[in-house]
Amino acid sequence: MIVKPKIRGFICTNAHPVGCATNVQQQIDYVKAQGTLHNAPKNVLVIGSSTGYGMASRITAAFAGGANTLGVCFEKPPTERKTGTAGWYNTAGFHAKAAAAGLYAKTLNGDAFSNELKQQVIDTLKADMSKVDLVIYSLASPRRTDPKTGEVYKSTLKPVGQAYRTKTYDTDKNVIHEIALEPANEDEIQQTIKVMGGEDWELWLDALGEADLLADNCKTTAYTYVGKELTWPIYGQATIGKAKEDLDRAAAAIVKTQASKNVQAYVSSLKALVTQASSAIPVMPLYISLIYKVMKEEGTHQGCIEQIYALFTDKLTHATPEVDELGRLYMNNKETNDATQAKIKTLWDQVTQENFHELSDYAGYHHEFLKLFGFDLTDVDYDADVESLVDW
Ligand code: NAD
C-alpha cells in the first residue's frame, strides 16, 4: 500500500507504518543519547501508552531505564483496505525495538475504563512481571463508560461561568477567525470530570492494590496542563481544567488508600504541544504555533520525549521529588514563566490572517502534526509500497 496523509479537520484518518516506527525510533535515539536513568523503575505500567506523552513515557522507562513495560491503549488495527491508527503502528515499532533490545514489552488494546481490561492487566502482571513500581496514567479520551453503571459520559471543551470570544486558527481551512464559545452547563462540567478527572486513575490503583501488585514506594502520576491567562478560558479554568483539578483530589485519595505500600501519587504538569488530543482543542493550534516560535527562539523548545525524559530525570526517579505549592511535579515553567508568556501575548495580540505564517511557527506545528501519523519525516520514502498489515 502507498500511504499519503488523509487529513479531515483536526485529525489525520490514516497513518504510515514505517513513518510511525521511525518516529518511535527517533524518540528511542533521543533518550539513549541522553544517558541511562539512575534509580529507574523496573516494572512500569503505562495507561495510554501508544501516542503522545504516554508513548514518550514508555520509551523513556524502557530505553533509558531498562524497564519491563506493560502498555494499555485503544487503537485500531489495520485492515486490507485501511491503515491502522498511528498508535497501533507506534506500538508495533516499540515492540520490535524492545524485543531487539531484550526488553519485556506487552500491550493490551482495549478500553482502559472497563473492569475487563483492568483484570487483563492484573492477569498479565501476575503471569509476566509481578509488582509495578511506576504507573503512568496518560489517557486522553472524549468519552467513558462507567464500569459500575454502564452509563456513558462525554467530555466537552467549553468555558466555565461565562461565554468566551477569542481567536483561533482553523487548520483545515487555513484561516484565523473569531470563535464564540458558550459556557458549559453543570451537567457538561460533571460529565467532563467523569471522563478526564481522577476517578478512573483511582480505580486503577485500587485494582492493582487489591491484587497486591503495587511495589513498596511505588510511584504513580497522571498528566495535566495548567497553562496561563491565554489558555485558561478554554483549558485551565474551563471544563477540562475542572476535570484536571479532580486529579489533585484523586492523587491525595490514592496516597491515603495505598498508604500501607507508601505509594506516592503525583499530578505532573506538562507543557502544551502537538498531540492528537491537543489538536482537537479550539485555540490550541494557534497558541502552540506561537509558543513554538517563541520557545524555539529562546532555545527552550521541547517535544513529548524531551519533556518526559526531563520528568523522569528531574522528578520521577528521585525518592522525594520537589513539588510545587499544589503538590504537583511542575514541568512547564519554560512555557508559563512571565517573560515567555509576555512574548507570546504580544504575538497573540498582533496575529492576523495576513501575518500568521510570519509571526508563528505554524510550519513547525504542521510538521509535528503530520509526524504524529508517521508523515513528513525525511528518512521515509512515501512513494514506496509498504506493508500496512503490521501486527505486534
Ligand atoms: P494522546 O491522544 O496522544 O494519547 C492518548 C492515549 O490514550 C493513547 O495511547 C490512546 O490509545 C489512549 N486511550 C484513549 N482512550 C482510551 C481508552 N478508552 N482505553 C485505553 N486507552 C485509551 O494524548 P496526549 O496529548 O499524550 O495526552 C495524554 C495526557 O497528557 C492527557 O491526560 C492530557 O490531558 C495530558 N497533557 C497533554 C498536553 C498536550 O499539550 N498534549 C499537555 C499537558 C498534559
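To be clear, the structure that these remarks concern was listed above.
These figures come from a predicted structure and were not determined experimentally. (Residues numbered from 1 in each chain as written. Predicted model: local features only at pLDDT ≥ 70, side-chain atom pairs only at ≥ 80, totals over all residues. Heavy atoms only, no water.)

Participant: Could you give me a rundown of unusual backbone geometry, with the residues and numbers involved?
Facilitator: One non-glycine residue, Val283, adopts positive backbone phi at about 80°. Looking at where Val283 falls in the secondary structure, it is placed in the loop between α8 (276-279) and α9 (284-298). The buried category is assigned to Val283, whose relative accessible area is 0%. (Helix = DSSP H or I, 4+ residues; strand = E, 2+ residues; numbered from the N terminus. Buried < 20%, exposed > 50% of the residue type's maximum accessible area, 1.4 Å probe, protein only.)

Participant: Explain the side chain of Asp361 residue by residue, including any values.
Facilitator: When you line up the elements, Asp361 lands in the loop between α13 (356-359) and α14 (362-372). With residues near it in sequence (within four places) discarded, Asp361 still touches Ser289, Tyr292, Lys293 and Lys296. (Contact = heavy atoms within 4.5 Å.)

Participant: Please give an account of the sheet that holds strand β4 (residues 68-73) that cites residues and values.
Facilitator: Reading across from one edge, β5-β4-β3-β6-β11-β12-β13 is the order of the seven strands in this open sheet, with parallel pairing throughout. Each edge of the sheet is formed by a strand with only one pairing partner; in this case those strands are β5 (105-109) and β13 (329-330). Summarising the sheet, β4 and β5 pair through five bridges and their orientation is parallel. Paired with Val72 across the two strands is Leu108, which belongs to β5. Contacting β3 (43-47), β4, β6 (132-137), β11 (214-224) and β12 (264-269), helix α6 (residues 199-210) runs over the sheet at an angle of about 165° to β11. (Pairing = 2+ DSSP bridges. Axes fitted to C-alpha atoms, helices over the stretch in contact; angles between N-to-C directions.)

Participant: So, the site of the ligand: which residues are in play, and what are the values?
Facilitator: Every one of the 31 residues lining the ligand counts as a neighbour, but Ser50, Tyr53, Glu75, Ala112 and Thr275 are closest to it. A distance of 2.6 Å is found between an oxygen atom of the ligand and a side-chain nitrogen or oxygen belonging to Thr275. For the ligand, the protein covers 93% of the area, taking 840 Å² as the surface of the free molecule. Sorting the residues of the shell around the ligand by element identifies α2 (52-64), β11 and α8 as the ones contributing at least two each. By residue number, the principal contributor to the shell around the ligand is α8, which donates three residues. (Near = heavy atom within 4 Å. Polar contact = N/O pair within 3.5 Å; in protein donor to acceptor, adjacent residues only side chain to side chain. Areas by Shrake-Rupley, 256 points an atom, 1.4 Å probe, with all protein chains shown as cover.)

Participant: Could you give me a rundown of the pattern of salt bridges, with the residues and numbers involved?
Facilitator: Applying the stated criterion across every chain yields a total of 20 salt bridges. In this structure, the salt-bridge partner of Glu199 is Lys194, at a minimum N-O distance of 3.1 Å. The salt bridge partner of Lys345 is Asp349, with a shortest N-O separation of 3.0 Å. Within this pair, Lys345 and its partner Asp349 are both found in helix α12 (residues 338-350), separated by four residues, close to a single helical turn. On the accessibility criterion, Lys345 (39% relative accessible area) is partly exposed. Take Asp349: its relative accessible area is 49%, and that puts it in the partly exposed class. Taken together, the salt bridges that share partners define one network made up of Lys131, Asp212, Asp216 and Lys261. (Salt bridge = Lys/Arg side-chain N within 4 Å of Asp/Glu carboxyl O.)

Participant: Please provide a residue-by-residue account of the packing of α9 against α12, values included.
Facilitator: One way to put it is that α9 packs onto α12 with a least axis distance of 10 Å and a crossing angle of 130°. Considering the angle they form, α9 stands oblique to α12. Crossing handedness for the pair α9 and α12: right-handed. Across the interface between the two elements, Leu286, Tyr287, Leu290, Ile291, Lys293, Val294, Met295 and Glu298 of α9 pack against Thr340, Gln341, Lys343, Ile344, Leu347 and Trp348 of α12. Of the residues contributing to the contact of α9 with α12, the split by class is nine nonpolar, two polar and three charged. (Parallel < 35°, antiparallel > 145°, perpendicular 65-115°, else oblique. Left-handed = near helix turned anticlockwise from the far one by under 90°. Nonpolar A, V, L, I, M, F, W, Y, C, P; charged D, E, K, R; others polar.)

Participant: Would you mind going over α9 in detail, with residue names and values included?
Facilitator: Under the 1.5 Å per step criterion, the end-to-end length of α9 is 20 Å for 15 residues, consistent within 8% with the ideal 21 Å. Most of α9 sits inside the fold, with 11 of its 15 residues counted as buried. Once α9 ends, the next one or two residues include Gly299, with phi positive near 80°. (Expected span 1.5 Å × (residues − 1).)

Participant: Just give me the short version of a positive patch on the surface, but keep the residues and values in it.
Facilitator: Positive charge collects at one region of the surface, where Lys6, Arg8, Lys76 and Lys82 lie side by side. Among the structural elements, Lys76 can be located in the loop between β4 and α3 (86-100). By relative accessible area, Lys76 is classed as exposed at 61%. (Patch = residues over 30% accessible without salt bridge, like charges linked within 9 Å, V, L, I, M, F, W, Y side chains within 5 Å. Lys, Arg positive; Asp, Glu negative; His and termini not counted. Charge placed at Lys NZ, Arg CZ, Asp CG, Glu CD.)

Participant: How would you sum up the pairing of β4? Please name residues and give values.
Facilitator: With five of its six residues buried, β4 lies for the most part within the structure. The sheet contact formed by β3 and β4 spans five bridges and is parallel. Across the sheet, residue Ile47 finds its bridge partner in β4, namely Val72. As a crossover connection, the stretch from β3 through α2 into β4 is right-handed. (Right-handed = clockwise from strand over helix to strand, strands pointing away.)

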